[in-house]
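Overview (structure and organization)
Below, each chain spelled out in residue letters.
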Amino acid sequence: MNKDLTKGDPQKVLWAFCLPMFGSIIFQQLYNIADSLVAGRFIGENALAAVGNSYNITLIFIAFAFGCNMGCSVIVSQLFGAKDYARMKTAVYTTLIASAVLCIVLMLAGFLSCDILLRLMKTQEEIMADSALYLDIYILGLPFLLFYNIATGIFSALGDSKTPFLFLAFSSTANIVVDILFVVSLQMGIAGVAWATFLCQGISCIFSVILILKRLAGIEVSSGNAKIEVFSWDLLKKILTIAIPSVLQQSFISVGNILVQGCINSFGVSVAAGYSAAIKLNNLVITSFTTIGNGISNFSAQNIGAKTWSRVREGFRAGLKLVWTLSLPLCLLYLCLGRYLLLLFMDQSSVKALQTGQQFLWIVSPFYFVISAKLISDGVLRGAGAMKQFMTATFTDLILRVMLAFVLSAAMRSATGIWLSWPIGWCLGTVLSLLFYKKGAWRAGS
């Protein structure tokens, strides 16, 4: 159901909109967690390390999917808020066509470059074959990844966060079942993990795209609106203005993660396996906060389109309250029960891997209060199209984290130095993002 985010109490509207998005991303992350869990528990430590190793490369493709999602979502939100339904539909069709071309390019690039990236990460020979196999199957599923993200972005732009939640709840639960079927019953190994994700994400994508096209067909366009076009270069430029910085942000984060993964791999397979499990738990939280930040972007964009500027500020405060409410139990969960959560991915015999994962969570989780504030202010900046400020804060965090990972790990001669780089980078990036929000660059139209 479409919802106008420019009306009603901002906090109630935003929380009702964002909480299903939070639930959606929990289920979305279950895809990756299920892959690592099944690989670690039913195949072995090397398989767990291979999935974690491959994940850093898959983040590059996810970056493009995220960019398409945000570019389309922000522009569609603004047009929906302004009730310009003809151009809104044109924006959706333009995104779908441009994304189909992008998908072909990404698949070709992926098949040609993944082996090179695996070598760049100093992937150990014992996990190289499994990592490469997992990635090959993952790349075949890129059309599903890309178009599913576009569909969820459009649902969010229309104020509907419940439909993507229902799709994800079904598909991620099915993914766990199919993972176990392929790996345990059919003995397909790491290929079974990858094919399970391919199959479940594919079904979810197809139904999402069909439903979003039906939803758009049901929105009536008044005679006073512009003519609906199949493709618009003007709207594509506006979409790319949001999408390209979002892609660059996520891509550089992915490249940074690949460089850091190379540093981690130098400490051995056990450290890589422990990090692989811990980073899945960490990403569950960070991606959840990022998704709520995306909700803030949609909320801000609709209200900017409707020129209801004060609601943007109220939305920021409501978003901050929401993520801080979530940060406390998540932080306590990882500090107190992190070891038991890590045991979902491995057994008691993986002593070094367990110690590594637990140390990472102890160092990083107390700073969830910091990074969540950054992601909310980023959401406002992105929803207003203030991409220069958004990029500056993000790249400062990333560059600092990558540099410190190498410097501190070399100085301490331990992977502990790598984990310490996270909170330091987060703190500086958050300060910058909040300063940009306070300066009010996004309020230029008020």
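Residues numbered from 1 in each chain as written. Predicted model: local features only at pLDDT ≥ 70, side-chain atom pairs only at ≥ 80, totals over all residues. Heavy atoms only, no water.

1. Some points on the overall build of the protein chain
Across its full length, the protein chain carries 14 helices and 0 strands. The order of helices and strands in the protein chain, counted from the N terminus, is α-α-α-α-α-α-α-α-α-α-α-α-α-α. Summarising its shape, the C-alpha atoms of the protein chain cover approximately 70 × 45 × 35 Å along the three principal directions. Each of the 446 residues in the protein chain was classed as buried or not, and the buried ones make up 61%. Contacts spanning at least 24 positions in sequence make up 85% of the contacts within the protein chain whose residues lie at least 6 apart. For the protein chain, the computed accessible surface area is about 17,200 Å², with 69% contributed by carbon and sulfur atoms. Computed over 31 positive and 19 negative side-chain charges, the separation of the two mean positions in the protein chain equals 12 Å. (Helix = DSSP H or I, 4+ residues; strand = E, 2+ residues; numbered from the N terminus. Buried < 20%, exposed > 50% of the residue type's maximum accessible area, 1.4 Å probe, protein only. Contact = heavy atoms within 4.5 Å. Areas by Shrake-Rupley, 256 points an atom, 1.4 Å probe, with all protein chains shown as cover. Lys, Arg positive; Asp, Glu negative; His and termini not counted. Charge placed at Lys NZ, Arg CZ, Asp CG, Glu CD.)

2. Description of the nonpolar core
One finds Trp-419 and Trp-422 to be the most contacted residues of the largest nonpolar core, which totals 127 residues. Ranked by the residues each element gives to this core, the list is headed by helix H9 (residues 269-305), at 17 residues. In this view, Trp-419 contacts Ile-264, Val-271, Tyr-275, Thr-356, Gln-359, Phe-360, Ile-363 and Val-364; residues no more than four positions away in its chain are not counted. Judged by nonpolar contacts, the second largest core, of 11 residues, contains Val-51, Ile-137, Val-183 and Val-193. (Core = buried A, V, L, I, M, F, W, Y, C linked by side-chain atoms within 4.5 Å.)

3. Some remarks on unusual backbone geometry
The phi dihedral of Gln-187 falls on the positive side, at around 55°, and the residue is not glycine. Residue placement: Gln-187 occurs in the loop between helix H6 (162-185) and helix H7 (190-217). Backbone geometry at Arg-413 places phi at a positive 55°, although glycine is not the residue there. With respect to the element layout, Arg-413 can be found in the loop between helix H13 (387-412) and helix H14 (416-439). Under the relative-accessibility criterion, Arg-413 is labelled exposed at 77%.

4. Remarks on the environment of Gly-189
Position of Gly-189 among the secondary structure elements: in the loop between H6 and H7. Sequence separation between Gly-189 and Ile-139 is 50 residues; the distance between their C-alpha atoms is 18 Å. The residues touching Gly-189, leaving out its near neighbours within four places in the chain, are Ile-43 and Val-183.

5. Let's talk about the environment of Phe-144
By secondary structure assignment, the location of Phe-144 is in helix H5 (residues 142-157). Placed 136 residues apart in sequence, Phe-144 and Lys-280 show a C-alpha to C-alpha distance of 22 Å. Once residues within four sequence positions are removed from consideration, Phe-144 is found in contact with Phe-198, Gln-201, Gly-202 and Cys-205.

6. Overview of helix H8 (residues 233-265)
A rise of 1.5 Å per residue sets the reference length of H8, with its 33 residues, at 48 Å; its end C-alpha atoms lie 44 Å apart and thus fit the reference within 8%. Where H8 bends most, the angle comes to about 35°, and this point is Leu-240. (Expected span 1.5 Å × (residues − 1). Bend = angle between axes of the 7 residues up to and from the residue.)

7. Examining the confidence of the model for the protein chain
Scored by pLDDT, the protein chain comes out at a mean of 82, with 94% of its residues at no less than 70. Of all secondary-structure elements in the protein chain, the lowest mean pLDDT belongs to helix H1 (residues 10-43), at 72, while helix H11 (residues 351-364) reaches the highest, 90. (pLDDT = per-residue confidence, 0-100.)

8. Some details on a nonpolar patch on the surface
On the surface, a nonpolar cluster with roughly 520 Å² of combined accessible area is contributed by Phe-111, Leu-140, Leu-181, Leu-186, Met-188 and Trp-195. As for its placement among the helices and strands, Leu-186 is situated in the loop between H6 and H7. Under the relative-accessibility criterion, Leu-186 is labelled partly exposed at 48%. (Patch = residues over 30% accessible without salt bridge, like charges linked within 9 Å, V, L, I, M, F, W, Y side chains within 5 Å. Salt bridge = Lys/Arg side-chain N within 4 Å of Asp/Glu carboxyl O.)

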